[in-house]
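A closer look at the structure
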Amino acid sequence: MTRTNKKQWLALAITSALAGGANAEIFLSQYVEGSGYNKAVEIANSGDLDVQLLGYQLAKSPNGDGSWSTLDLSSYVIPAKSVLVFANSRADDTILGVATLSTSDQVLNFNGDDPIALMDSNGQIIDMIGTMGENFGADKTLVRYTPFHQPSASYQPDQWATLSKNDVTGLGQLDDITPPEPFQCLDNGSAPSFTDIQAIQGEGSRSPYINGYPYITSEQHFVQGVVTAVSSGINQGFYLEALQDDHNPLTSNGLYVYTQANPSLSAGDVVCVRGQIQEFYGQTQLKLNEQDWFKQGEQAVPQATAMEVLESDENFEQTLERYEGMLVRLPKALDMRISRTFGYDYGARRNNMVLTHERVNLHPNQQFAAGSDEAKAQSEDNGLRRLFVESPTAAPNGKVPYYPEFGRTDVDQDGSTEDYIRINDTLFDIEGVIGYSYGDYRLFVTNTISADNFVRNTPRTEAPELAEQPWNKKDLRVATFNVLNYFTSPFGGDENRFGGNRGASNFAEFEVQQEKILNALIKLDADIVGLMEIENNGFGDNGAIAQLVRELNARIDNKKLHYDFVSLDSNQDGVTDKLDAVGTDAITTGVIYRPKQVKLKKVNVLEMPRQVAPEVLNDDGKVIEDGKNYQRNTLAPTFKVKGAKEKLTVAVNHFKSKGSKCWEDAAPVAEGGQAGKDTDQQGSCENFRVAAAVALGDALEAIKGHKIVLGDFNAYGKEDPLLILTDYSQEKYGKTIRAARNTFIGEQEQFGDDGAVIDHSYGYVNVLGEMHPQGWSYSYNDEVGALDHILISSSLSKHVVDATEWHINAAESTLFDYNDEYKGDFPKYQDHYRSSDHDPAVIDLNMRGGSVGLVGLSAMLLLGLRRRKQG
């Protein structure tokens, strides 16, 4: 390899420069996608004359979505036989030292799936690196071979040499790089001795050729096989299947071949390859240092092998290991359940979905106390059942590549599609190759599926399914409903004094959002509904809750079923003003109810704690947590059920989120914090939520009558806040529960510098947790669990008819929500599915008499009148 050094030029005054002179050839010559902000693009001029880049633009297509962000290059002159380097301003000194321009412009902040182009003033592509929808360039440097020193409007991978991550050899120089001699599948001029794929894979979790660090063989091996799939997504390479089956179920017949560049091969090609055997973060693969593959012929792609679990498999992960690298089919008998619908995976930074073997992955803290041995075992078992479903190339916006009809049909024109994916569906007869990356097994799909490939274990329903007995009929229904940031202030509603819009970004989105919520509320058919995430812009005619109720009633013909909402009235000079708010967050809780069913007796607002703790600083003295945290207040109206004697208070809650840090999450362990560790998987702020649970329990003790405590507690069924509200004791659960430090209710200190150990509970019954402990209302990553709860005072136990979660939201793909972002041309539906990200929780009560008369909910369960089974 020889290189010609040339000086970098930036022209402030243009003289004797051509706008595109004779013998000039302008093209992209080097691409750097390194760690952090090490991003750079080199543009070359192979001609004999200087060229002014008048009208030229450097462009990036974010995520390969087809749109372009551009950087104007018109003021630059590129000398003959030289290059210009455009770099991210936060790149390292090696890159900045040769950069013509260093900039924070978004064009120079790209990832491996963002194609880069050189364009003319009309937006026509002159030259291009990358392919739309493919992860072509992650963690590598690409340098153009000398024979291809000319532009190409489409990316040609064979024209580029691939260097390793952060290798910027030759950047700032016009390189003279000769392509390697074509690989001919010869070993010192003779036919090679091939190593069998099955021998490379072996019968264990690692290749028998790997004895330890550095987890790669020093010698190179020749391997022969037929290509089953080409990958240009997470990794770049292809999958080989052995030409002969060894009929040993403990060894895989397949192998992944890592090429570092997009291979010009297709499924069915018979190839010879040469490379080093490697264990790469758990995946057995063959690593090629150059383009050391040779197409020997073609044959039919092998039939996909039906996966089966052997009695000798200790777990499903071991089953997957036996098929690593192979082309497989998932038969119906394998019972692979959807545990996360198609959506964005922040680990792999791409859209995919997750299957789990025989059951959905339940969050470990749903049934078992957080941090317990049982919860840890559940978490480990979840990981052993997991299989990600990927497309060989990145999915375009609004499309599932292997399910082309997804969300596209509405045959009966009822406003809902027949083509959908739901959590707990069994997916079968999907085919693909088994790979391993980011710590999990992945199926890279090679066939096309449809709605016929699913068993609907929990099908869509038009209304909540709750049971009644002739002697125990419901006369009151209470429910929770998260309205997913229903904001009206941007669309003619009253001003929000506490923050900006978190909901629909345009009116078209808002119309879809509103219709979805209204359809869901009508079908929910509850007499009292506790709302979460409704805009906190008051109770006037143009407040969010007023508009919601107005629109809801307009769609209900029977006036006996109309709703009103609970408001806070302030009387000033004899005039009632309905502009007050609940709390000081941009969103709040609300209550709507049917006046024909219940009479509002009193409005209680229960103030929740705020935290005012010391700042937490890092080693550089920078504030990483300011110690100031807040909870949303609880709205707890008291009703009189018409025809019944006793009062009922419904306390609607939305506890602090798991995502934002509190003092305990940031402070070092030596100071009483956790230093960012989440060993019990409760997320952030669990101590602050415990403080809220104590404040709630104490405040409700002062209110007489039956109580329902509901809402989004941001805590799974056996996490600390729920235990405090229900049945905690140190003896029962074998754990100590602490509340956050420096919490205040109003100006009254709740807990001081040391926080507090909480040694009591409030005795509420978790109805859904008791009736079906495997229930869930929320999906995060590939685990489901209940964040939305209905807790009742023990006095209400004998009035319970039934309770359930209604799976209309969390079970559905995010592509069905109201938001336009990342949807492409995906159809919009105004049905009740994915009207939010949380499922409603529903309880039916018999308050007026004729109840079973049993003492307590547990007696009902013991008699077997209701015991839900999760599919």
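This is a predicted model, so every value here is computed, not measured.

Points about the sheet that holds strand 2 (residues 26–33)
Within the open sheet, the six strands sit side by side as 9-8-3-2-12-13. Their pairing is mixed. Strand pairing shows two members of the sheet lacking a second neighbour, strand 9 (101–103) and strand 13 (160–163), which therefore form its edges. Strand-to-strand, the axes of this sheet are offset by a mean angle of 20°, without reference to chain direction.

Describing the confidence of the model for the chain
Across the chain, the average pLDDT comes to 91, with 93% of residues at 70 or higher. Residue range residues 1–23 is modelled with pLDDT below 50. Its contacts to residues more than four positions away, or to other chains, number 48 contacts. Across residues 851–871 the pLDDT falls below 50, and counting only partners more than four positions away or on other chains, this stretch makes 48 contacts in the model.

Some remarks on the domain arrangement of the chain
When the parts come together, some accessible area is lost, and that loss is often what is quoted as the size of the interface. The domains assigned to the chain are domain 1 (26–163), domain 2 (197–302), domain 3 (316–404 + 424–456) and domain 4 (476–868). For domain 2 versus domain 3, the separation of C-alpha centres amounts to 23 Å. The interface of domain 2 with domain 3 comprises 27 residues on the first partner and 21 residues on the second. Here domain 2 packs against domain 3, burying approximately 1,700 Å² in sum over the two surfaces, 54% of which is carbon and sulfur. Scanning the region where domain 2 abuts domain 3 turns up zero salt bridges. Inspection of the region where domain 2 meets domain 3 yields six residue pairs in polar contact (both at pLDDT 80 or more). Among the elements of the structure, strand 15 (221–232), strand 16 (236–241), strand 17 (254–258) and strand 19 (283–287) are those that each provide at least two residues to the side of domain 2 that touches domain 3. Among the elements that make up the side of domain 2 that touches domain 3, the one with the highest residue count is strand 15 (five residues).

Focus: unusual backbone geometry
Y213 connects to P214 through a cis peptide bond whose omega is 15°. Of note, P214 is situated in the loop between helix 2 (197–201) and strand 15. In this structure, N166 takes a positive phi of about 70° despite not being glycine. Counting through the fold element by element, N166 comes out in the loop between strand 13 and strand 14 (174–176). Even without glycine at this site, N781 takes up a positive phi of about 55°. Structurally, N781 is set in the loop between strand 51 (778–780) and strand 52 (783–785).

Side note on the pairing of strand 54 (residues 800–805)
Among the six residues of strand 54, six are classified as buried, and the element is accordingly described as predominantly covered. Where strand 54 lies against strand 55 (residues 841–845), five bridges are found, and the strand directions are antiparallel. In the strand pairing of strand 55, E805 is matched with A841.

Here we look at the environment of A715
Structurally, A715 can be placed in the loop between strand 45 (706–712) and helix 10 (720–725). Residue A715 is classed as buried on the basis of its relative accessible area of 0%. With 452 residues separating them along the chain, A715 and P263 place their C-alpha atoms 48 Å apart. Not counting residues up to four positions away in its chain, the partners in contact with A715 are K658, P721, L722, A786, L787 and H789.

Some thoughts on the sheet that holds strand 35 (residues 587–593)
Reading across from one edge, 32-35-31-30-55-54 is the order of the six strands in this open sheet, with mixed pairing throughout. Edge positions in the sheet fall to strand 32 (564–565) and strand 54, since each has one partner strand and no second. Alignment of strand 30 (residues 476–486) against strand 31 (residues 528–535), held across six bridges, turns out to be parallel. Looking at strand 31, one finds that N482 is bridged to M532. This element, helix 6 (residues 507–524), spans strand 30, strand 31, strand 35 and strand 55 of the sheet and lies at about 170° to strand 30. Across the sheet, helix 7 (residues 544–554) is in contact with strand 30, strand 31, strand 32 and strand 35; its angle to strand 31 comes to roughly 130°.

Thresholds applied
- Residues numbered from 1 in each chain as written.
- Predicted model: local features only at pLDDT ≥ 70, side-chain atom pairs only at ≥ 80, totals over all residues.
- Heavy atoms only, no water.
- Pairing = 2+ DSSP bridges.
- Helix = DSSP H or I, 4+ residues; strand = E, 2+ residues; numbered from the N terminus.
- Axes fitted to C-alpha atoms, helices over the stretch in contact; angles between N-to-C directions.
- pLDDT = per-residue confidence, 0-100.
- Contact = heavy atoms within 4.5 Å.
- Domains from an automatic or database assignment.
- Buried area = accessible area lost by both parts, 1.4 Å probe.
- Salt bridge = Lys/Arg side-chain N within 4 Å of Asp/Glu carboxyl O.
- Polar contact = N/O pair within 3.5 Å; in protein donor to acceptor, adjacent residues only side chain to side chain.
- Buried < 20%, exposed > 50% of the residue type's maximum accessible area, 1.4 Å probe, protein only.

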